[in-house]
Structures are given as structure tokens and as C-alpha cells.
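Working through the structure, step by step
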Amino acid sequence: VENEYYMRRINAVIKQDNRVLGIDRNDQLLTEPGEQLMTGKQAQAYARYRYGTADGDFGRTVRQREIITKIFEKLNQMTAIELMGLVVDNFDNVYTNLSVADLASYAPVLISMKDAEIQEMRLPIDGGYTNQTIREMQVLVPDMEKNIAYLKELLFGETQTE
């Protein structure tokens, strides 16, 4: 959290979430700016706030990708036993058709990815959209050809021809 202003924006999201949940509005508010370990609620608010950043919604998507990367890094620091404990401790908080055994079967995959490099991107790509007002809403209209060509290059490593 860069400064007081951004901390206030994040706390505004937390207060709104707390109000909707019917709990104390001040539950888990950030108390100071700077680098810190966040709770899930704080991280969600960090990822969701959208007002007051120079790069608008693009800044929000950067923060969302940052959180996913940090979670991946944190999980990769855990042992297989710690990962299983995390699954068991939180299983009742998640709705899934997977069993605990199914989830446990993914632990070796995560462990094998410890040295994996995360590459990130966003769509639409720079230069691959126009800003338009549609039904009184500001929207990005993607240039489908440019964005599809970029995805093909990213996924297949070379320019694809039709």
C-alpha cells in the first residue's frame, strides 16, 4: 500500500464489505501504509478498489495479478504437509465437487512447480482497443484481430497464419 490515500481507498472497500456482511465496519482495516502481510479481506479490497489510480481499471488488474502471484509464491514456500493442512482447514469454506483426496492429489503438481516462472498478460493488449461510450458507459472495445494474433503468438510461440 503506497501511501495514506490508497490505504483510505482500500479501507473504504473493507468498510463497505463489512457493512454488507453485517459485521463491525472497522473489522480488519489497514492501520498504516507500506508493505505488509494482508488478510484475505484486505487483499481482496486491495485488488478491488478502482478509484484514484492514474491508470484506472488497468491498475486494478495489475493489483489482481500481483495478488495471484504472491499467493502462488506463498504456496510454493509450504511443504506438502502444510499444503494438506491448508486444504483440510479450509475445506468446509469452499464449495466444490472435488473431495479432499482429489485436492490432495494436486499437491505434487504444486510442489513440482516450485521453480516455475509466472508470466502475466492482460487483454486487451496495448494498442489493441479503442475507448468508446456505449449506452452512456465508458468501455474498451477490443480489436479482435490484434488480440487474437497476440494470444496465438503467446501460446504457440510464433505468428500463426489463417
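In this text the structure is predicted, and so the values were computed from the model without any measurement.

**Some points on the layout of surface pockets**
For the largest pocket, the calculated volume is near 710 Å³. As for the largest pocket, its lining consists of 20 residues, of which Gln 36, Leu 37, Met 38, Lys 70 and Ile 71 are closest to the centre. For the lining of the largest pocket, the secondary structure elements donating two or more residues are helix H2 (40-48) and helix H3 (56-76). Top contributing element to the lining of the largest pocket by residue count: H3, with seven residues. For the lining of the largest pocket, the class distribution of residues is 10 nonpolar, five polar and five charged.

**Topic: the environment of Tyr 46**
Topologically, Tyr 46 is positioned in helix H2. Residues Tyr 46 and Arg 63, spaced 17 residues apart in sequence, show a C-alpha to C-alpha distance of 7.2 Å. Dropping the residues within four chain positions of it, Tyr 46 is found in contact with Ile 10, Met 38, Arg 63, Glu 66 and Ile 67.

**A word on helix H1 (residues 4-21)**
Compared with an ideal rise of 1.5 Å per residue, which puts 18 residues at 26 Å, H1 spans 25 Å between its outermost C-alpha atoms and is within 8% of the ideal. Summarising the contacts, the buried residues of H1 are in contact with H2. Two to three positions downstream of the cap, the backbone nitrogen of Tyr 5 sits 2.9 Å from a side-chain oxygen, assigning the N-cap of H1 to Asn 3. Positive backbone phi, at 75 degrees, marks Gly 22, one or two positions downstream of H1.

**Considering the pairing of strand S1 (residues 129-134)**
Sheet analysis places S1 next to strand S2 (residues 137-142), joined by six bridges and oriented antiparallel. Along S2, the bridge assignment pairs Gln 132 with Val 139.

**Let's talk about the packing of aromatic side chains**
Inspection of every chain in the model, using the stated rule, returns three aromatic pairs. When the ring of Tyr 6 is compared with that of Tyr 49, the centres are 6.0 Å apart and the planes differ by 40 degrees; the resulting orientation is tilted. Taken together, the positions of Tyr 6 in helix H1 and Tyr 49 in the loop between H2 and H3 put the pair 43 residues apart, joining distant regions of the chain. Per residue, the accessibility class of Tyr 6 equals that of Tyr 49, and both read buried. An angle of 50 degrees between the planes, with centres 5.6 Å apart, marks the rings of Phe 58 and Tyr 129 as tilted. One end of the pair, Phe 58, is in helix H3; the other, Tyr 129, is in strand S1, and 71 residues separate them in sequence. When its relative accessible area of 22% is taken as the criterion, Phe 58 is described as partly exposed.

Procedures and definitions
- Residues numbered from 1 in each chain as written.
- Predicted model: local features only at pLDDT ≥ 70, side-chain atom pairs only at ≥ 80, totals over all residues.
- Heavy atoms only, no water.
- 1 Å grid on protein atoms, 1.4 Å probe; cavity = no way out; pocket = protein on both sides within 12 Å on 5 of 7 lines; lining within 4 Å.
- Points joined across faces, edges and corners; volume = space filled by probe spheres on them.
- Helix = DSSP H or I, 4+ residues; strand = E, 2+ residues; numbered from the N terminus.
- Nonpolar A, V, L, I, M, F, W, Y, C, P; charged D, E, K, R; others polar.
- Contact = heavy atoms within 4.5 Å.
- Expected span 1.5 Å × (residues − 1).
- Polar contact = N/O pair within 3.5 Å; in protein donor to acceptor, adjacent residues only side chain to side chain.
- Pairing = 2+ DSSP bridges.
- Phe/Tyr/Trp six-rings, centres within 6.5 Å; stacked < 30°, edge-to-face > 60°.
- Buried < 20%, exposed > 50% of the residue type's maximum accessible area, 1.4 Å probe, protein only.

Any functional reading would require information that these geometric values do not contain.
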